[in-house]
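Examination of the molecular architecture
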Amino acid sequence: MSKAIKKVEKTDVEKSDETTWAAKTYEPAVDIWETADALALAADVPGVTRDKVELDLRDDTLTIRAEVGADAYEGLRPLYGEYNIGNFYRRFSLGEVIDREKISADLKDGVLTVTLPKREKAKPRKIVVA
Amino acid sequence: MSFLRFTNDPFENVMRLQRAISQSVDQPSFGLDWTPSGQGLQPALDIFEAEGGDTVVVKAELPGVDRESLEIENVGSRLMVAGKREIPTPEGEFRYHRRERHGGEFRRVFRLPFEVDRDKATANYSDGVLTIRLEKAESAKPRQIAVKS
């Protein structure tokens, strides 16, 4: 067996400080990258539908909450399990000044993508010395 | 256990041992049967039963998997699920702050609790979850045999 095989495992939320969900809560795996104009984030939230995603930006804290529908598991009796079903919750502190009017998000095949454009004054500016 | 050959890879040894143990048990087992060699991902699977045990439902969380790449194969009570996940590279100039998501190919083979009727098998991929529904084959169902006098 090669060491290159990556077992996909979910991470439990350690401090689910404000959830009142009865279900388990996991931290979604994320990629965060920065371009000259924006911060972008991609999060794995399998089993989540569009209407169950909540994004909240308060001061410089971005919160992602995503709920997994239990309907898909109704009437099913577990025989063998490698993963548990639960909601997703994660918080980030953004170091950049974000233009909140221009934030956009998309959800496709269980991947949530968020684009957070930087505010004009936070963008790097070249100052030409005359 | 003379049939075990040990290698330098401790993980491989554990897998071999596990395989040998499951083969030596004559009761039909199911679940993880074989782990792939090579590179890639090992997505987690859940197996459920429904409708009084005549239906088995396999679910796998596969966010962002290319639908076209999904391959499902069934022989008897064995099921193979394979596919590929590509993480698109951001456009233009960028710098990663965090990278926790991984792309790659995956292939899992496992055994179901019974032989299935492959004509009735259905698979669905939505919201990043693959759901495969399989029904017990007629030949695997218990049958009453009448005694003729």
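Refer to the preceding data block for the structure.
So, a few notes on the structure that sits alongside this text. (Residues numbered from 1 in each chain as written. Chains lettered and ligands numbered in written order. Predicted model: local features only at pLDDT ≥ 70, side-chain atom pairs only at ≥ 80, totals over all residues.)

**Some remarks on the overall build of chain A**
Threshold: A run of H or I in DSSP becomes a helix once it reaches four residues, and a run of E becomes a strand once it reaches two; helices and strands are each numbered from the N terminus. With C-beta atoms placed from the backbone, a residue is buried if 20 or more other C-beta atoms are within 10 Å of its own, exposed if 12 or fewer are, and partly exposed between those counts. Contacts here follow a simple rule: the backbone-placed C-beta atoms of the two residues must lie within 7 Å.
Each helix and strand in chain A was counted, giving zero helices and eleven strands. Each helix and strand of chain A, ordered N terminal to C terminal, gives the series β-β-β-β-β-β-β-β-β-β-β. Looking at chain A as a whole, 28% of its 130 residues qualify as buried. Restricting to contacts in chain A with at least 6 residues of sequence separation, those with at least 24 account for 54%.

**A look at the overall build of chain B**
Scanning chain B from N- to C-terminus turns up one helix and ten strands. Taken from N to C terminus, the helices and strands of chain B fall in the order α-β-β-β-β-β-β-β-β-β-β. For chain B, the proportion of its 149 residues judged to be buried stands at 23%.

**Considering the sheet that holds strand β10 (residues 104-108) of chain A**
Defined as follows: Strands are labelled as partners when DSSP assigns at least two bridges between them. The angle between two axes is taken between their N-to-C directions and runs from 0 to 180 degrees, where each axis is a line fitted to C-alpha atoms and a helix contributes only its stretch in contact.
Across the sheet, which stays open at both edges, the five strands sit in the order β10(A)-β11(A)-β5(A)-β4(A)-β7(B) with antiparallel pairing between neighbours. Two strands lie at the open edges of the sheet, namely β10 of chain A together with β7 (95-99) of chain B, each paired on one side alone. For this sheet, the mean inter-axis angle between neighbouring strands, taken without regard to orientation, is 15°. Pairing between strand β5 (residues 38-44) of chain A and strand β11 (residues 111-117) of chain A: seven bridges, direction antiparallel.

**Describing the environment of Y73 of chain A**
Summarising the element assignment, Y73 of chain A is placed in the loop between β7 (61-68) and β8 (77-81). A sequence separation of 21 residues divides Y73 of chain A from K52 of chain A, and the C-alpha atoms of the two residues are 17 Å apart.

**Quick notes on the nonpolar core**
A general trend in soluble globular proteins is that nonpolar side chains are found buried together. Our working rule: In this usage, the nonpolar core is the set of buried Ala, Val, Leu, Ile, Met, Phe, Trp, Tyr and Cys residues whose C-beta atoms join them within 7 Å.
Ranked by internal contacts, the top residues of the largest apolar core, which has 23 residues, are L41, A43, V45, I64, A66, F88 and L112 of chain A. At the level of secondary structure, the elements contributing two or more residues to this core comprise β5, β7, β9 (86-93) and β11 of chain A. Ranked by residue count, the leading element in this core is β5 of chain A, at six residues. In contact with F88 of chain A, other than residues within four places in its own chain, are Y26, P28, V45, V48, I64 and A66 of chain A. Formed by 17 residues, the second largest nonpolar core is a distinct cluster that contains L45, A60, L79 and L130 of chain B.

**Examining the sheet that holds strand β9 (residues 116-126) of chain B**
The five strands are arranged β8(A)-β3(B)-β4(B)-β10(B)-β9(B) in an open sheet whose pairing can be described as antiparallel. Single-partner strands in this sheet number two, and they are β8 of chain A together with β9 of chain B. Taking each pair of neighbouring strands and ignoring which way they run, the sheet shows an average axis angle of 20°. Relative to strand β4 (residues 55-61) of chain B, strand β3 (residues 45-50) of chain B is paired through six bridges, and the arrangement is antiparallel. Looking at β4 of chain B, one finds that I47 of chain B is bridged to V58 of chain B.

**With respect to unusual backbone geometry**
One non-glycine residue, D59 of chain A, lies in the positive phi region at around 50°. Within the element layout of this structure, D59 of chain A appears in the loop between β6 (48-58) and β7.

**Details of the pairing of strand β5 (residues 71-75) of chain B**
All names here are of chain B. Counting buried residues in β5 gives zero out of five residues, a small share hidden from the surface. Two strands pair when backbone bridges link them, and β5 and strand β6 (residues 78-85) are joined in this way by five bridges, in the antiparallel orientation. Bridging from a neighbouring strand, E71 pairs with A82 of β6. Between β5 and β6, which pair antiparallel one after the other, the connecting turn spans two residues, and G76 there sits at a positive phi close to 60°.

**Examining the environment of Y125 of chain B**
Residues and elements named next belong to chain B. Counting through the fold element by element, Y125 comes out in strand β9. The class of Y125 is partly exposed, set by 18 C-beta atoms lying within 10 Å. Along the chain, Y125 and N74 lie 51 residues apart, while their C-alpha atoms are 17 Å from each other. Apart from the residues lying within four places of it in its own chain, the contact partners of Y125 are R67, L70 and L130.

**Examining the pairing of β11 of chain A**
Residues and elements named next belong to chain A. Of all seven residues in β11, five are buried, a share of seventy percent or more. Bridging between β10 and β11 involves five bridges; their strand directions are antiparallel. Considered in β11, the bridge of K108 is made with V111. Between β10 and the antiparallel strand that follows it, β11, lie two residues; D109 among them carries a positive phi value of about 45°.

**Here we look at the environment of L62 of chain A**
Residue and element names in this part refer to chain A. Counting through the fold element by element, L62 comes out in strand β7. Along the backbone, L62 and R90 are 28 residues apart, and their C-alpha atoms lie at a distance of 8.3 Å. Residue contacts for L62: discarding those within four places in its chain leaves L57, F92 and L94.

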